[in-house]
Amino acid sequence: MEGTNPVNKKLAAALSGGAVLVLALTGCGGDDNSDKLNSWAETVCDGVQPQAKKIEAANASIQKQTSDSSRPADVQKTDAQAFQDMSDAYKAMGAAVQKAGAPDVDGGEKKQKAAVSELNQLSSSYASLKKQVEELDTKDQAKFADGLKDIASELNKLSESGNDALKDLEEGDVGQAMAKQASCKSASAPASATTS
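This one's a predicted model, so the numbers in the text were calculated from it and none came from an experiment.

Student: Would you explain the overall build of the protein chain in this entry?
Tutor: Tallying secondary structure elements over the protein chain gives 8 helices and 0 strands in all. Mapped from its N terminus to its C terminus, the protein chain presents α and β elements in the order α-α-α-α-α-α-α-α. A separation threshold of at least 6 residues defines the contact pool for the protein chain, and within that pool the share at least 24 residues apart is 86%. By element, 48% of the accessible surface of the protein chain is carried by carbon and sulfur atoms, the whole surface being about 9400 Å².

Dropping the structure here:
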């Protein structure tokens with residue numbers, strides 16, 4: 001058994017990129033907007049914030065399990081649980097955006113639908129990663145490491161793509177309204193600290 005496990009570290013690095021997605025739902029700026037838009041932003045931010053925390057905790061649990069001495073079975077268990085939590089969190093975020101309705105801006109309905117669809121897609125992607133990690137052979141260290149490599153590259157893809165609709169949703173007035181919500185501010189602070 002090797003003394004170091006760079007694959008685990010690679011996985012942790014890829015995961016911290018996933019935290020960027022949470023940021024897409026937290027705006028910046030701060031002009032005055034309509035009451036309607038502020039109320040929409042409050043609904044979304046209040047729904048998203050606990051999920052952002054859940055994703056952050058899942059990230060942290062994987063980071064923690066990346067020491068050189070981690071046993072494959074422990075890594076597998078931790079990662080599977082973390083991916084499940086992330087999948088649930090993105091699904092709940094999608095539900096929060098769905099429930100809030102369309103923001104009171106031009107093309108709001110289209111933007112909202114695209115963001116909900118994207119969040120649900122992310123939820124499915126993490127659910128499929130959970131399945132992948134559960135199917136890895138923990139008895140064979142080399143095989144397990146190879147499997148983790150594949151998962152890390154999937155995670156990289158996920159963090160690079162997959163938040164365009166969210167960015168689009170929170171452009172302009174929507175982003176400014178979200179920036180004023182206390183829950184969105186507290187959702188973005190921890191997430192940005194984990195992005196690499």
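So that's the structure; there's more coming.
Student: Honestly, the nonpolar core in this entry has me stumped. Any pointers?
Tutor: When a protein is soluble and globular, its nonpolar side chains tend to lie buried together. Counting 39 residues, the largest nonpolar core has Trp40, Phe83, Tyr126 and Met178 as the members making the most contacts within it. Mapped onto this core, the elements with two or more residues apiece are helix H2 (35-64), helix H3 (72-100), helix H4 (108-134), helix H5 (141-160), helix H6 (164-169) and helix H7 (172-179).

Student: What is the right way to look at the packing of H2 against H3 in this model?
Tutor: Think of two packed helices as two axes; the pair is described by the angle between the axes and how far apart they sit. Two elements in contact, H2 and H3, have axes separated by 9 Å at closest approach and are oriented at 175°. When the axes of H2 and H3 are compared, the pair comes out roughly antiparallel.

Student: Any chance you could explain H2 here in plain terms?
Tutor: Structurally, the α-helix is built with 3.6 residues per turn, so residues lying three or four positions apart point the same way. Here H2 spans 43 Å end to end across 30 residues, near enough to the 44 Å set by a 1.5 Å rise per residue. Residue Val48 marks the point of greatest curvature in H2, where the axis turns by about 25°; the proline Pro50 follows within four residues.

Student: How do you make sense of H7 when you look at a structure like this?
Tutor: Summarising burial for H7: 6 of the 8 residues are buried, a large majority. Those residues of H7 lying buried are Val174, Gly175, Gln176, Ala177, Met178 and Ala179.

Student: How should the packing of H4 against H5 be read in this particular structure?
Tutor: The geometry of H4 relative to H5 is characterised by a closest axis approach of 10 Å and an angle of 175° between their N-to-C directions. Classified by the angle their axes make, H4 and H5 are roughly antiparallel. Where H4 approaches H5, its residues Leu122, Ser125, Tyr126, Leu129, Gln132 and Val133 are matched on the opposing element by Leu148, Ile151, Glu154, Leu155 and Leu158.

Student: Can you walk me through the packing of aromatic side chains in this structure?
Tutor: The description of two aromatic rings rests on the distance between their centres and on the angle between their planes. Scanning the entire structure with this criterion turns up 2 aromatic pairs. With centroids separated by 6.2 Å and ring planes inclined at 35°, the aromatic side chains of Phe83 and Tyr126 adopt a geometry described as tilted. Here Phe83, found in helix H3, pairs with Tyr126, found in helix H4; they are 43 residues apart in sequence, far enough to count as distant. When its relative accessible area of 0% is taken as the criterion, Phe83 is described as buried. Here the aromatic rings of Tyr90 and Tyr126 are separated by 5.5 Å at their centres, their planes lie at 10°, and the arrangement is stacked. On the criterion of sequence distance, the pair formed by Tyr90 in helix H3 and Tyr126 in helix H4 is long-range, its members being 36 residues apart. A residue is classified by how much of its surface remains accessible, and Tyr90, at 0% relative accessible area, is buried. When its relative accessible area of 1% is taken as the criterion, Tyr126 is described as buried. Among the aromatic residues, those joined into a ring-pair cluster are Phe83, Tyr90 and Tyr126.

Student: Can you help me understand the environment of Ser34 in this one?
Tutor: Mapped onto the secondary structure, Ser34 falls in the loop between helix H1 (6-23) and H2. You can call Ser34 partly exposed: its relative accessible area is 33%. Placed 71 residues apart in sequence, Ser34 and Val105 show a C-alpha to C-alpha distance of 10.0 Å. Polar contacts involving the side chain of Ser34 include one to the main-chain amide nitrogen of Leu37, which spans 3.1 Å.

Student: I would appreciate a short explanation of the pattern of salt bridges in the present structure.
Tutor: Opposite charge on two side chains makes pairing possible when the charged atoms of those side chains draw close. A full pass over the atoms with the stated rule returns 5 salt bridges. Across the pair Asp146 and Lys149 runs a salt bridge whose closest N-O atoms are separated by 3.8 Å. Placement of both Asp146 and Lys149 in helix H5 is noted, with a separation of 3 residues, approximately one turn of the helix. Note on Asp146: relative accessible area 44%, which makes it partly exposed. Where Lys157 meets Glu154, a salt bridge forms, and the shortest distance between an N and an O atom there is 3.7 Å. Separated by 3 residues within a single helix, Lys157 and Glu154 lie in helix H5, roughly one turn from each other.

What counts, and where the lines are drawn
Residues numbered from 1 in each chain as written. Predicted model: local features only at pLDDT ≥ 70, side-chain atom pairs only at ≥ 80, totals over all residues. Heavy atoms only, no water. Helix = DSSP H or I, 4+ residues; strand = E, 2+ residues; numbered from the N terminus. Contact = heavy atoms within 4.5 Å. Areas by Shrake-Rupley, 256 points an atom, 1.4 Å probe, with all protein chains shown as cover. Core = buried A, V, L, I, M, F, W, Y, C linked by side-chain atoms within 4.5 Å. Buried < 20%, exposed > 50% of the residue type's maximum accessible area, 1.4 Å probe, protein only. Axes fitted to C-alpha atoms, helices over the stretch in contact; angles between N-to-C directions. Parallel < 35°, antiparallel > 145°, perpendicular 65-115°, else oblique. Expected span 1.5 Å × (residues − 1). Bend = angle between axes of the 7 residues up to and from the residue. Phe/Tyr/Trp six-rings, centres within 6.5 Å; stacked < 30°, edge-to-face > 60°. Polar contact = N/O pair within 3.5 Å; in protein donor to acceptor, adjacent residues only side chain to side chain. Salt bridge = Lys/Arg side-chain N within 4 Å of Asp/Glu carboxyl O.

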